[in-house]
Amino acid sequence: MQAVVRVRVGGVALVAQQEAPGKAIVAELVPGTPARIVRLDGEQTRVLCAGPAVGPFDPGVGAILRLAITGGRAQLERDGASIVACDIDAPARGAWGVAAFGGEVVVDTVTVAR
């Protein structure tokens, strides 16, 4: 999935393979904290991998975010640079989307391909 977003306040999350409420793979980008890919399973959140601290977003400029899950591996990119990647064990079905993470996000475009 690729999304062009403008983060006005807080951070942004890319949601993948959501099978039910609280059951998904989520890439989290919150300025000042490590970029993370987590697995939500009910009330449990398990960190699958973490990268460097996320830099600030310019609210007037769209950030190009990409989350790819192929062959049991998840990779998160920001503006063409890989920031975190890890092996995952997840089914390939489910919904994909973009969410504000503790703030406000303007979504310009979203592209999902199988």
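Residues numbered from 1 in each chain as written. Predicted model: local features only at pLDDT ≥ 70, side-chain atom pairs only at ≥ 80, totals over all residues. Heavy atoms only, no water.

A.B. asks: Would you mind going over the overall build of the protein chain with me for this structure?
C.D. replies: Tallying secondary structure elements over the protein chain gives 0 helices and 8 strands in all. Listing every helix and strand of the protein chain by position from the N terminus yields β-β-β-β-β-β-β-β. Taken against the 2.2 N^0.38 rule, which gives 13 Å for 114 residues, the C-alpha radius of gyration of the protein chain at 13 Å falls within 12% of a compact globule. Overall, the protein chain is about 35 × 25 × 25 Å in size when its C-alpha atoms are taken along their principal axes. By the burial criterion, 36% of the 114 residues in the protein chain qualify as buried. Taking the contacts inside the protein chain whose residues are at least 6 apart along the sequence as the reference set, 53% of them involve residues at least 24 apart. (Helix = DSSP H or I, 4+ residues; strand = E, 2+ residues; numbered from the N terminus. Rg over C-alpha atoms; globule rule 2.2 N^0.38 Å. Buried < 20%, exposed > 50% of the residue type's maximum accessible area, 1.4 Å probe, protein only. Contact = heavy atoms within 4.5 Å.)

A.B. asks: I would appreciate a short explanation of the packing of aromatic side chains in the present structure.
C.D. replies: Geometry of an aromatic ring pair is reported as the spacing of the ring centres plus the angle between the planes. The tally for this structure, following the rule as stated, stands at 0 aromatic pairs. Against the face of F57 rests R78, its NZ or CZ located 4.0 Å from the ring centre. (Phe/Tyr/Trp six-rings, centres within 6.5 Å; stacked < 30°, edge-to-face > 60°. Lys NZ or Arg CZ within 6 Å of the ring centre and 35° of its normal.)

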